[in-house]
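What the coordinates show
Each chain, letter by letter, is given below.
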Amino acid sequence: SSGINAEYGGHESVVNCVAFNKTSTVMLSGGNDSMVRIMDLKSRSYEPIQILDDAKDSITSIGLSDDEIIVGSVDGRIRIYDLRMGKLHEDFVGESITNVRFSNDVQSVIVSSTDNTVRLIDKTSGQLLNDYTGHVHSKLQLQAASWYDDSAILSTCEKSKVFLWDLISGNVKQTLELPALAQTISVHPSRYQFITGDVSGQINLWITKGEKKPEESEGAKSMSCWALPPR
């Protein structure tokens, strides 16, 4: 039977996000105490090997590449920690950030914030490359992602929908009606598929029909939804 192998404490309040590095040797956690704690899972010690305490408000999201950590916070800033160079790069978005992810080519950052906007920001310069609007995101901790080939941006919506935008033009290419409000979304690493988890406890797997990208077909008929209902 499964059980808890180890318990790591240290946060002073709610933990909002956790992440592994690619080799699963390091664990990161972020919480309402405005800290990111980094734990070495190969060590017998339960003390963090590093604490990132630059944020001025709750940590909502953590992303990782091979040598960088990206952190999103309610203070409206994204912070990229360059592990090789030992440098911190900050960009001010303005509104509370609910989710951050590296694009699949790791050259830009996808940022969800509570001003009804998803932004694509150049990782190195901090330049705004594009923004994506039309969905409702003003209160909840919603997430966004990109297709595996970075051709489109996807986001959940407070009106129980998923929006798909063309990455370059920023135009809405498709909206999909969800069975219930979903806050979480994850995209398949090599196919035009994604999963959402909703407030009813249901997980939905969205699968493209045929070989075309779903936004190149007509309407929601281009995708089928397989539901894994709650127990």
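Remember, it's a predicted structure, so these values are computed and weren't measured experimentally.

Here's the deal with the overall build of the protein chain
Within the protein chain one finds 0 helices and 20 strands. When the 231 residues of the protein chain are sorted by exposure, 47% land in the buried category. By sequence separation, contacts in the protein chain at least 24 residues apart represent 35% of the contacts at least 6 residues apart. Of the roughly 12,200 Å² that the protein chain leaves accessible, carbon and sulfur atoms contribute 47%.

Quick notes on the packing of aromatic side chains
Tallying each qualifying case throughout the model produces 6 aromatic pairs. Ring geometry for Phe-194 versus Trp-206: centroids 5.8 Å apart, planes at 10°, classification stacked. A residue pair is termed long-range when its members are at least 10 positions apart, and Phe-194 in strand β18 (residues 193–198) and Trp-206 in strand β19 (residues 203–208) qualify at 12 residues. With respect to class, Phe-194 is no different from Trp-206; both count as buried. The structure contains a cluster of three or more aromatic residues connected by ring pairs, namely Trp-147, Tyr-148, Tyr-192, Phe-194 and Trp-206.

Focus: the nonpolar core
Of all hydrophobic cores here, the largest spans 14 residues; its most connected members are Trp-147, Leu-154, Val-162, Leu-164, Leu-176, Val-187 and Phe-194. It is strand β17 (residues 182–187) that contributes the most residues to this core, 3 residues altogether. Listed in part, the 13 residues of the second largest apolar core include Cys-17, Val-26, Leu-52 and Val-71.

Regarding the side chain of Thr-60
Within the element layout of this structure, Thr-60 appears in strand β5 (residues 59–64). Residue classification places Thr-60 among the buried residues on the basis of a relative accessible area of 9%. A distance of 2.6 Å separates a polar side-chain atom of Thr-60 from the backbone oxygen of Ile-97. With residues up to four places along the chain from it excluded, the contact list for Thr-60 reads Asn-16, Cys-17, Gly-72, Ser-73, Val-74, Ile-97, Thr-98, Asn-99 and Gln-141.

The rules we used
- Residues numbered from 1 in each chain as written.
- Predicted model: local features only at pLDDT ≥ 70, side-chain atom pairs only at ≥ 80, totals over all residues.
- Heavy atoms only, no water.
- Helix = DSSP H or I, 4+ residues; strand = E, 2+ residues; numbered from the N terminus.
- Buried < 20%, exposed > 50% of the residue type's maximum accessible area, 1.4 Å probe, protein only.
- Contact = heavy atoms within 4.5 Å.
- Areas by Shrake-Rupley, 256 points an atom, 1.4 Å probe, with all protein chains shown as cover.
- Phe/Tyr/Trp six-rings, centres within 6.5 Å; stacked < 30°, edge-to-face > 60°.
- Core = buried A, V, L, I, M, F, W, Y, C linked by side-chain atoms within 4.5 Å.
- Polar contact = N/O pair within 3.5 Å; in protein donor to acceptor, adjacent residues only side chain to side chain.

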